[in-house]
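A structural walkthrough
Single-letter residue listing:
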Amino acid sequence: STIRIVAWIVGIFTFAVFALVSYRKIHNKVRPSLNVRDNIWICDDIQTPFILGCFKPKIYIPSGTDEVQLPHIIAHENAHLKRWKPLGYLVLAIHWFNPLVWIAYILLCRDIELACDEKVIRELNQSESISYSETLLSCSVNRRTILVCPLAFGEVGVKERVKRVLNYKKPAFWIVVVAII
């Protein structure tokens, strides 16, 4: 019993240290960023847009990003602000020993990306959706370094996301009513 409690606490501590080290590493990388407006920053040392921070999150966009893509990127990252991944990471840190929580966290990360995509494309017409898909493809990078970092949002399942964007149909009114009930 005591060994289990100590192992559990060591696991939580390990997750906390990992989160802090990951945050510092990413924060140091984006430190020389240039503020464009509000919470939007341009950075030379990143390859894909993401949000960093919990209490005053900032949107970081790679310098050299095509101006046409900026509205889509900003809309997607702003959608992330309402879908709080750090809470999922906290649950994972507390229940790190449970493989079902790991699966749930991975699915949560995927669902957050899909929900953000849906929020953005809900307002777009077909040609804008195609443009948004192109933005997704151009922003996709191998992001294994931020896989479980709770303070930055990475890209997951780009191929699946592009298919969903291109095949998106607004839900019928009766489906919305049934879902609400």
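Structure first, text after, so check above.
These lines cover the structure that appears in this document, whether it is placed above or below. (Residues numbered from 1 in each chain as written. Predicted model: local features only at pLDDT ≥ 70, side-chain atom pairs only at ≥ 80, totals over all residues. Heavy atoms only, no water.)

1. Observations regarding unusual backbone geometry
Which entries qualify depends on this criterion: Every helix listed is a DSSP run of H or I at least four residues long, and every strand listed is a run of E at least two residues long, numbered separately from the N terminus. Buried, partly exposed and exposed residues are distinguished by accessible area as a fraction of the type maximum, computed with a 1.4 Å probe on protein chains only: under 20%, between the cut-offs, and over 50%, respectively.
The backbone of Asp38 shows a phi angle near 45°, a positive value even though the residue is not glycine. Looking at the secondary structure, you find Asp38 in the loop between strand 1 (34-37) and strand 2 (40-43). Given a relative accessible area of 67%, Asp38 falls into the exposed group.

2. Focus: the packing of helix 3 (residues 85-94) against helix 4 (residues 99-121)
To be explicit about the condition: Only C-alpha atoms enter the line fits that serve as axes; for helices the fit covers just the stretch in contact. Angles between N-to-C directions range over 0 to 180 degrees. Any angle from 65 to 115 degrees is called roughly perpendicular, while one under 35 is roughly parallel, one over 145 is roughly antiparallel, and all others are oblique. Only heavy atoms enter the contact rule, under which two residues are in contact if any of them lie within 4.5 Å. Any residue that is not Ala, Val, Leu, Ile, Met, Phe, Trp, Tyr, Cys, Pro, Asp, Glu, Lys or Arg is counted as polar, Gly included; the first ten are nonpolar and the last four charged.
Two elements in contact, helix 3 and helix 4, have axes separated by 10 Å at closest approach and are oriented at 175°. Taken together, the axes of helix 3 and helix 4 are roughly antiparallel relative to one another. Contacts from Lys85, Gly88, Tyr89, Val91 and Leu92 in helix 3 reach Val101, Trp102, Tyr105, Leu108, Cys109 and Ile112 in helix 4. Partitioning the contact of helix 3 with helix 4 into residue classes produces nine nonpolar, one polar and one charged.

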